[in-house]
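Tertiary structure, described
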Amino acid sequence: MSLVRLEGVTKRFGQLTVLDQVSLAIEPGDIVAVIGRSGSGKSTMLRCINALEPIQGGRILFEDTVVNDPATDLRKLRQQVGIVFQSFNLFPHLSVARNITLAPTVVKGIPAAEARRLAEEVLARVGLAEKIDAYPDQLSGGQQQRVAIARSLAMQPKLMLFDEITSALDPELIGEVLKVLESLARQGMTMMLVTHEMGFARNVANRVVFMHQGKVWEHGPARETLGRPRTPELESFLGSVLH
Amino acid sequence: MIREPNALDVLYLIAAGRWTLALTALAFFGGGLMGILVMLLRIAPAAPVRWAAMGWIQAIQGTPLLAQLFVFFFGFAIFGYRVSPWVAAGVAFSIYASAFLAEIWRGCIEAVPRQQWEASAALGLSFPQQLRYVVVPQAFRIAIPPTVGFLVQLVKNTSLASTIGFIELTREGQITTGATFRPFTIYGIVAVLYFCICFPLSQLSQRLERRLHVAR
Ligand SMILES: Nc1ncnc2c1ncn2[C@@H]1O[C@H](COP(=O)(O)OP(=O)(O)OP(=O)(O)O)[C@@H](O)[C@H]1O
Ligand SMILES: [Mg+2]
């Protein structure tokens, strides 16, 4: 069974169709890189998967849960699907530890001491064990983004969504975040990431999805799709990002 | 019979100031509790609930406080209910404060970036949990200056209660002026006493703001 299936998903903002009959399946262990021009609907697709945006047509399945069914318990779904945003969105009034333990304690009811150990563990995975008692504004952008990843990991999700998580970072900080993504990939985490880092997409992702005008224009194995584009749109997109 | 103002008059004015403080406190806490409720309804996910809260706020913000006071004091008397100036003023000022505080606090809640709601929703927090752990703590610091600003207005507006026979600072000033015929002196003292209540409030607000800023 696929972990996620999009079946003819259509999403509109008023008159504007942002996702147009998108169908896609993600298998456990997949690392899917989503690429495409600005405005092609990449972020929107990710946000629809954990129901941050409602859809107007088709359906989205997470395992056997219909995400867009009004009867679905979204809080349960979201515990299994983590998302990390371009702008980190840490809670500025809470320490790193509390940023991470908040959801495990109040959503899952994990005791405080255990949650603290969990925070230590996920921080170690992103290489920030020593920052556990810092506040977000004491961290660099790259460190904040790694804390945001740790915060999602602490919920032990089955799928992680990453929306251009290195785009807001200074170039010298991008590497440390990509390294964390690579190590997650090695550990077998299923992930879907919107990225402009073509080298990363080629080397780490096993599949690439090229979005164009709200449609999945091309998709397939990463190296093949990026190496030999079948459509002129992908070819020109790759030309514009590589040069 | 006109007499000279004396020290006892000043003491009476100060004593009357207690009722100004008491009415302000009642209106602020009563209005604050109601205001929290109205504010929550105002931002509730269900639209009809939001409209009801909006109606309440518009009705109160769109009518003079004096008229609201008269409705509670004279209006109920018409239907045979005798209400004391205390009850009428307490209820009218609480309702008045609830509408303004609800709007002030809604603004502070909405000043918290939308991404904070999204990030907490994506972690599985429920709406009340998002408010309690993520949004309200951030809105709190933003809320201090406008809330204290309103409180200072409230202190001064309680003088309107003098019109329904509620004896507070302004009413006591009127009475003393009637006896001494020294309006300039007496109302000067009244003004100074209002200042003595309002100034420390503003100072406290600044201190609190700084403290919270340091403790982020
Ligand atoms: N909340 C919204 N209301 C209205 N239109 C929106 C909203 N969010 C996105 N859009 C529109 O939907 C389209 C797709 O947006 P989306 O953010 O998914 O693109 P994207 O592929 O992620 O682009 P980028 O690379 O710039 O992040 C754009 O035209 C955008 O203007
Ligand atoms: Mg985007």
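Residues numbered from 1 in each chain as written. Chains lettered and ligands numbered in written order. Predicted model: local features only at pLDDT ≥ 70, side-chain atom pairs only at ≥ 80, totals over all residues. Heavy atoms only, no water.

Let us now look at the environment of A:E172. Residues and elements named next belong to chain A. Note on placement: E172 falls in helix α6 (residues 171-186). You can call E172 exposed: its relative accessible area is 60%. A sequence separation of 30 residues divides E172 from G142, and the C-alpha atoms of the two residues are 9.0 Å apart. (Helix = DSSP H or I, 4+ residues; strand = E, 2+ residues; numbered from the N terminus. Buried < 20%, exposed > 50% of the residue type's maximum accessible area, 1.4 Å probe, protein only.)

It is worth spelling out the confidence of the model for chain B at this point. On average, residues of chain B score 91 in pLDDT, and 98% of them reach the 70 mark or higher. For this predicted complex, the interface score ipTM comes out at 0.93, alongside a pTM of 0.88. (pLDDT = per-residue confidence, 0-100.)

Attention now moves to the interface of chain B and chain A. Tallying the contact residues gives 18 residues for chain B and 26 residues for chain A. Contact between chain B and chain A buries roughly 1800 Å² in total, counting both sides, with carbon and sulfur atoms accounting for 62%. The partner of B:E118 in a salt bridge is A:R47, with the nearest N and O atoms 2.6 Å apart. Looking at the side of chain B that touches chain A, the elements with two or more residues in it are α5 (114-122) and α6 (127-157) of chain B. (Contact = heavy atoms within 4.5 Å. Buried area = accessible area lost by both parts, 1.4 Å probe. Salt bridge = Lys/Arg side-chain N within 4 Å of Asp/Glu carboxyl O.)

Enumeration according to the criterion identifies 18 salt bridges over all chains in this entry. For A:R116, the salt bridge goes to A:E120, with nearest N and O atoms at 3.8 Å. Residue A:R116 and its partner A:E120 are both found in helix α4 (residues 112-125); the two are separated by four residues, about one turn of the helix. Across the pair B:R42 and B:E103 runs a salt bridge whose closest N-O atoms are separated by 3.7 Å. Taken together, the residues B:R42 in helix α1 (residues 7-42) and B:E103 in helix α4 (residues 85-111) connect sequence positions 61 residues apart. The two residues B:R42 and B:E103 agree in class, both being buried. If you follow the salt bridges from partner to partner, you end up with A:K11, A:R47, A:E53, B:R114 and B:E118 in one network.

What follows covers the side chain of A:S95. Mapped onto the elements of the fold, A:S95 is located in the loop between β6 (81-84) and α3 (96-106). Discounting chain neighbours no more than four positions away, the residues touching A:S95 are A:D133, A:A134 and A:Y135.

This next bit is on helix α5 (residues 141-153) of chain A. Relative to the 18 Å expected for 13 residues at 1.5 Å per residue, α5(A) spans 18 Å between its end C-alpha atoms, a close match to the ideal helical length. The buried fraction of α5(A) is high, at twelve of 13 residues. Within α5(A), the full set of buried residues consists of A:G142, A:Q143, A:Q144, A:Q145, A:R146, A:V147, A:A148, A:I149, A:A150, A:R151, A:S152 and A:L153. Lining the buried residues of α5(A) we find β6, α3, α4, β7 (159-163) and α6 of chain A together with α5 of chain B. (Expected span 1.5 Å × (residues − 1).)

This paragraph deals with the side chain of A:Q143. Residue and element names in this part refer to chain A. Along the chain, Q143 turns up in helix α5. For Q143, a relative accessible area of 18% translates into the label buried. Only 3.0 Å separates the side chain of Q143 from the backbone nitrogen of S140, close enough to count as a polar contact. Once residues lying within four places of it in the same chain are set aside, the contact partners of Q143 are L128, K131 and E176. (Polar contact = N/O pair within 3.5 Å; in protein donor to acceptor, adjacent residues only side chain to side chain.)

The subject of this paragraph is the packing of aromatic side chains. Tallied over the full model, the rule gives 14 aromatic pairs over all chains. Centroid distance B:F70 to B:F74: 5.3 Å. Interplanar angle 65°. Geometry classified as edge-to-face. In this pair, B:F70 and B:F74 are both assigned in helix α3 (residues 65-78), four residues apart and thus about one turn of the helix distant. Overall, B:F74 belongs to the partly exposed group, its relative accessible area being 41%. Note on B:F100 and B:F150: the rings are 5.7 Å apart at their centroids and 15° apart in plane angle, and the pair reads as stacked. Of this pair, B:F100 sits in helix α4 while B:F150 sits in helix α6, placing them 50 residues apart in sequence. Each member of the aromatic cluster is reached from another via a ring pair, and the members are B:F93, B:Y96, B:F100 and B:F150. Above the face of the A:F13 ring, A:K11 is positioned so that its terminal group lies 4.6 Å from the ring centre. (Phe/Tyr/Trp six-rings, centres within 6.5 Å; stacked < 30°, edge-to-face > 60°. Lys NZ or Arg CZ within 6 Å of the ring centre and 35° of its normal.)

On to the environment of B:A97, then. With respect to the helices, strands and loops of the structure, B:A97 is situated in helix α4. In contact with B:A97, not counting residues within four places along its chain, are B:A27, B:G31 and B:F150.

Within the structure shown, the criterion is met by one cavity of 30 Å³ or more. Every residue along the wall of the largest cavity is listed here: A:G82, A:I83, A:F85, A:R151, A:S152, B:A119, B:A122 and B:L123. Looking at the lining of the largest cavity, the elements with two or more residues in it are β6 and α5 of chain A together with α5 of chain B. Considered class by class, the residues forming the lining of the largest cavity number five nonpolar, two polar and one charged. (1 Å grid on protein atoms, 1.4 Å probe; cavity = no way out; pocket = protein on both sides within 12 Å on 5 of 7 lines; lining within 4 Å. Points joined across faces, edges and corners; volume = space filled by probe spheres on them. Nonpolar A, V, L, I, M, F, W, Y, C, P; charged D, E, K, R; others polar.)

Moving on to the packing of helix α2 (residues 47-61) of chain B against α4(B). Residue and element names in this part refer to chain B. It is the contact of α2 with α4, at a shortest axis distance of 9 Å, that shows an interaxial angle of 120°. Comparing the axis directions of α2 and α4 gives the class oblique. In the crossing of α2 with α4, the sense of the turn from one axis to the other is left-handed. On α4, the residues touching W56, I57, I60 and Q61 of α2 are I95, Y96, S98, A99, F100, A102 and E103. Its residues placed into classes, the contact of α2 with α4 shows eight nonpolar, two polar and one charged. (Axes fitted to C-alpha atoms, helices over the stretch in contact; angles between N-to-C directions. Parallel < 35°, antiparallel > 145°, perpendicular 65-115°, else oblique. Left-handed = near helix turned anticlockwise from the far one by under 90°.)

Further remarks concern the site of ligand 1. All names here are of chain A. Inspection of the region around ligand 1 gives F13, L16, V18, R37, S38, G39, S40, G41, K42, S43, T44 and E164 as its neighbouring residues. S40 has a polar backbone atom sitting 3.2 Å from an oxygen atom of ligand 1. In the model, an oxygen atom of ligand 1 is placed 2.8 Å from a nitrogen or oxygen of the K42 side chain. Contact with the protein chains covers 58% of the free accessible surface of ligand 1, which is 630 Å². Contributions of two or more residues to the shell around ligand 1 are made by β2 (16-26) and α1 (42-49). (Near = heavy atom within 4 Å. Areas by Shrake-Rupley, 256 points an atom, 1.4 Å probe, with all protein chains shown as cover.)

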